[in-house]
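# Structure assessment
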Amino acid sequence: MKRLLICGAALLTALPALAQDRTIGLLSLPEVFGPRQCAPFEPQQVALHASPNDGSPFAFIRVDQNWSFAPHGGCEGLEVSVHQGQQRGKLPTLEFDYEMPGAVVVEHRDGWFRIRLDDRTAWVKASLAGRFMALGDLYEEFVGVTTISESFSGRLTSAAGSTSGPIMPAVVAGQPVRVIEIRDSWIQVEMMSNSACTAADDGPPEVVATGWLPLHDREGKPTVWFSSRGC
């Protein structure tokens, strides 16, 4: 029995993150990041809740330092963090546009979004100005600059959820791909010969293989991501 328990524990550690911990999209927070990069705005705190509609926030996302604007143009210095009592922590974000960060969403329910914090998750109520961007929508917007994430390496499979069948090509971090379809926890991609960003030197990208990958890695992060700043 002891041996079986050890094997079971090893199997659990090898499994991907639970579905509720997987990144499903990004949420813009104009209250703390502004409506667009370098745009002047009046910061407002964003309440963090342990559960939707609990009525009692346990922490807040706040602007610690607003943009400063140079006489010759440009901006710098925006600082945002999570405040819980006297403690201050980082807010994990990913860019959805040029220097525009969004909170990382792992679940949504009736206008509420569960986002990643440094060491836990919390629920936020989306404002009228906020915007949720699902992974599929982000992939469609950034066609041509999507690649395999740094945290993932493996092989394509011939079908979603397949663990058998023909041996498919391996993918490596940074390899250009084009997203074709998302089906449950799987993503179908075309593996490209090169990036659209190098077309001038390497020629137009060509499809070298098509197959499926898990949509998330073992930490719940997307196996495919995009360059929010283009080439």
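Refer to the structure printed above.
Report on the accompanying structure. Keep in mind the model is a prediction, meaning the values are calculated, not measured. (Residues numbered from 1 in each chain as written. Predicted model: local features only at pLDDT ≥ 70, side-chain atom pairs only at ≥ 80, totals over all residues. Heavy atoms only, no water.)

All right, on to the overall build of the protein then. Helices and strands together make up the secondary structure of the protein, namely four helices and 19 strands. Dimensions along the principal axes, computed over C-alpha positions, put the protein at roughly 60 × 55 × 30 Å. A buried classification covers 38% of the 231 residues belonging to the protein. Accessible area for the protein stands at about 13200 Å²; split by element, carbon and sulfur atoms hold 52% of it. (Helix = DSSP H or I, 4+ residues; strand = E, 2+ residues; numbered from the N terminus. Buried < 20%, exposed > 50% of the residue type's maximum accessible area, 1.4 Å probe, protein only. Areas by Shrake-Rupley, 256 points an atom, 1.4 Å probe, with all protein chains shown as cover.)

For the structure shown, the criterion picks out nine salt bridges. Where D64 meets R88, a salt bridge forms, and the shortest distance between an N and an O atom there is 3.9 Å. In this pair, D64 sits in strand β3 (residues 59-65) while R88 sits in strand β7 (residues 87-89), placing the two residues 24 residues apart along the sequence. A salt bridge links R229 to E99; its shortest N-O distance comes to 3.8 Å. Here R229 is found in the segment after β19 (224-226), whereas its partner E99 is found in the loop between β8 (93-97) and β9 (100-109), with 130 residues between them in sequence. (Salt bridge = Lys/Arg side-chain N within 4 Å of Asp/Glu carboxyl O.)

What follows deals with the environment of H108. In this fold, H108 is placed in strand β9. You can call H108 partly exposed: its relative accessible area is 46%. When the C-alpha positions of H108 and N53 are compared, they lie 13 Å apart, and in sequence the two are 55 residues distant. With near-sequence residues (within four places) excluded, H108 lies in contact with I24, F113, W123 and F132. (Contact = heavy atoms within 4.5 Å.)

Before going further, it helps to spend a moment on unusual backbone geometry. Phi angles above zero are rare outside glycine, and C38 is one such case at about 70 degrees. With respect to the secondary-structure elements, C38 resides in the loop between α2 (30-33) and β2 (46-48). Unlike most non-glycine residues, D110 shows phi in positive territory, near 50 degrees. Within the fold, D110 resides in the loop between β9 and β10 (112-116). Since its relative accessible area comes to 71%, D110 is described here as exposed.

What follows deals with a negative patch on the surface. A cluster of like negative charges, contributed by D97, D137, E140 and E141, occupies part of the molecular surface. The greatest single-element share of the negative patch, amounting to three residues, is contributed by helix α3 (residues 135-141). Along the polypeptide, D97 turns up in strand β8. (Patch = residues over 30% accessible without salt bridge, like charges linked within 9 Å, V, L, I, M, F, W, Y side chains within 5 Å. Lys, Arg positive; Asp, Glu negative; His and termini not counted. Charge placed at Lys NZ, Arg CZ, Asp CG, Glu CD.)

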